[in-house]
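A closer look at the structure
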Amino acid sequence: MAAQEIENGTTWGKELWDQYDNLATHTQKGIDFFERFGNFIRDRSAIEVEYALKLRRLVKNYQPKKSKEDEENEFSTLIAFKNVLKEVADLAGQREVVAENLQNQVLQGIMLLSKILREERKKALTQGAGLTQSLHTQIGTLDRAKRSYEKAFREAEKAIESYHKADADFHLSRADVEKQRVNMNIRNSQSEDAKSEYANQLQITNKQQQQHYQIALPEVFNKLQELDEKRTRGMKEFIKRAADVEYEVSPIIARCLEGMVKAADSINEKDDSMIVIEKYQSGFQPPGDIPFEDLSKPDPDAANNSQTHNSSTGLNHMTGKGTTKDKLKKRVGIFGIFTGNKNNLTTDGLKEDFSDLPPTQRRKKLTAKVQELQQKVAQEQAASDGLMKMKGVYEANSMLGDPRTVEEQLNESVNRLDRLRHELLRYQKLLEQANNQTLIQHSPQSNRVIQNGQRSSRHSNGSSNHENSHEDNGEDHPDDAGSLSSSSASPESGLGTSHTSLPGSGQGSTNEQPMNEEYYEADAPLGTCRALYPFDATSEGSIPMSEGEELQVIEVDQGDGWTRVRRYSSKGWEEGFVPTSYIECTLYA
């Protein structure tokens, strides 16, 4: 309690009652310092923005250029560096967040508080100046009353002295003495009046001075103390707020740094070495031993064979070591002007069958081409199935659209699908041939060398004959069938049949079974689904469902937005299509 009384007693109004000018100067310097702190926050925010901008520019300048080859075979170092750049970009974003929060949460608060402090200080100083001016005016009035009293008192003393002299002088008449007595009485009366006025003004001045220094002016000083303490508390709070801005983004910055460490840990030198092998491996065999040429026994045939062997060996060596894709491109560009097969070149200057590439690189290109065509066939098949379903809906309800427009699009889709299938079959055969050639080249018989330096051609001739006969017969292989079976026509498209055809639709197998439990034993469900929203079947081939209903998934969405389901009701088993976006599927593993 005593400490609190001491704290309440130590106020500016009590302790610094006579330091008006110093307090005015102190509060002004305090507000100026507070605004200088605001300028510091503003400049720091600008530095954060500039830092974030330079970080983003750095990321942009060092962003690796996109290349199709790099996308196919990206080194772990390149992937890690891309991830580091991504984390640096995220760091730049966090610096922008820091700058924005410093502007909105700190700087704006400082400027607002500074404006309030200046207004309060101006108001308090104006009030204090008015009180001081009033006291000075009263003191001036007291001084004038005191000077009037002093003057009247001196004149009264002179009048008394003149009267006593006149009364002692026997040469003066009685009238002169009486005159001096009257003058003395007047002066004494004026002196008493001046004395009373002085005493009155002194009492008023003392009372006003006491009120000024004990009540009025301390209130002004306490207001200055309050606003100065408010400025000090604001300084404390805004410094903490600036630190909190950093604390808020520090977890994200820590995650960015963890991401950089994770990117560094993902670098694998062995995997990168394998990528180099996959990228540059030609598939050619190293050259065989060079036979000894005995010049003492000239043999024209052996010389010819030796020359042939040397030329072939040199060619293989050059192709395996010195020929790169860039040089192949140059040869195609130079000699291509003398050929008429310009349409047989791809966009990167290679032949369509990639026969100008080394064996391994050719197999990679053919494999990528087969995968690309398989994906296109699947997409085109899904589009065709969707058009077929749309055609059935339009035929059932002509108000929804004209089936002829869909039929034209369907015919175009079927034509594109046929072209893609033919092209896919062609590249699958080319890939199979390339694989067979690789097996032949790596077989022990292909590397057998006879004493005269000639390779055994029995196996190679047989393999070539086999390849030719394979191309002539045009037989399909299991790989071809497997790739095409995944993109076969759906029952609704009319281009093919499958076990997923709807019973009674007039399409599919002629040996359709009735919709009972035995029929569905062969058509096992792929999973289950739950209806998220109610659905009313308004088109042929769809079935209604209520919200929360559990159904069996028979056929997943093929890209047209519909999923085939079935359920058991009082009428027996029912199946049909429902919108994929209306259900939540759980497929069996």
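In what follows, the accompanying structure is described. (Residues numbered from 1 in each chain as written. Predicted model: local features only at pLDDT ≥ 70, side-chain atom pairs only at ≥ 80, totals over all residues. Heavy atoms only, no water.)

Topic: the nonpolar core
By size, the foremost hydrophobic cluster in this structure holds 29 residues, and its most contacted members are I41 and L224. Taken together, the elements giving at least two residues each to this core come down to α3 (20-61), α5 (76-168) and α6 (174-265). With twelve residues, α6 is the largest single contributor of residues to this core. Listed in part, the 13 residues of the second largest apolar core include L357, V370, L420 and L430. (Core = buried A, V, L, I, M, F, W, Y, C linked by side-chain atoms within 4.5 Å. Buried < 20%, exposed > 50% of the residue type's maximum accessible area, 1.4 Å probe, protein only. Helix = DSSP H or I, 4+ residues; strand = E, 2+ residues; numbered from the N terminus.)

What to know about the sheet that holds strand β4 (residues 572-579)
Read from one edge to the other, the open sheet built from five strands follows the order β4-β3-β2-β1-β5, with strand pairing classed as antiparallel. Where the open sheet ends on each side, the last strands, each with one partner, are β4 and β5 (583-587). Between one strand axis and the next, the sheet turns through 35° on average, direction left out of account. In this sheet, strand β2 (residues 550-555) lies alongside strand β1 (residues 527-531) in antiparallel orientation, the contact comprising four bridges. Note that in β2 the partner of G527 across the bridge is V553. (Pairing = 2+ DSSP bridges. Axes fitted to C-alpha atoms, helices over the stretch in contact; angles between N-to-C directions.)

Observations concerning the pairing of β4
Counting buried residues in β4 gives seven out of eight residues, a clear majority hidden from the surface. Of the strand pairs in this sheet, strand β3 (residues 562-569) and β4 are connected by eight bridges, and their pairing is antiparallel. Within β4, the position partnered with V565 by the bridge is G576. The hairpin turn running from β3 into β4, its antiparallel successor, is two residues long.

Focus on the packing of aromatic side chains
The full count for this structure, using the stated rule, is ten aromatic pairs. Where F37 meets F40, the ring centres are 6.2 Å apart and the plane angle is 25°; that geometry is what we call stacked. Of the two residues, F37 and F40 are both situated in helix α3; the distance of three residues between them amounts to about one turn of the helix. What makes F37 buried here is its relative accessible area of 10%. Members of the aromatic cluster, joined through ring pairs, are Y533, F535, W562 and Y582. The positively charged end of R566 is found above the aromatic ring belonging to W573, 5.2 Å away from the centroid. (Phe/Tyr/Trp six-rings, centres within 6.5 Å; stacked < 30°, edge-to-face > 60°. Lys NZ or Arg CZ within 6 Å of the ring centre and 35° of its normal.)

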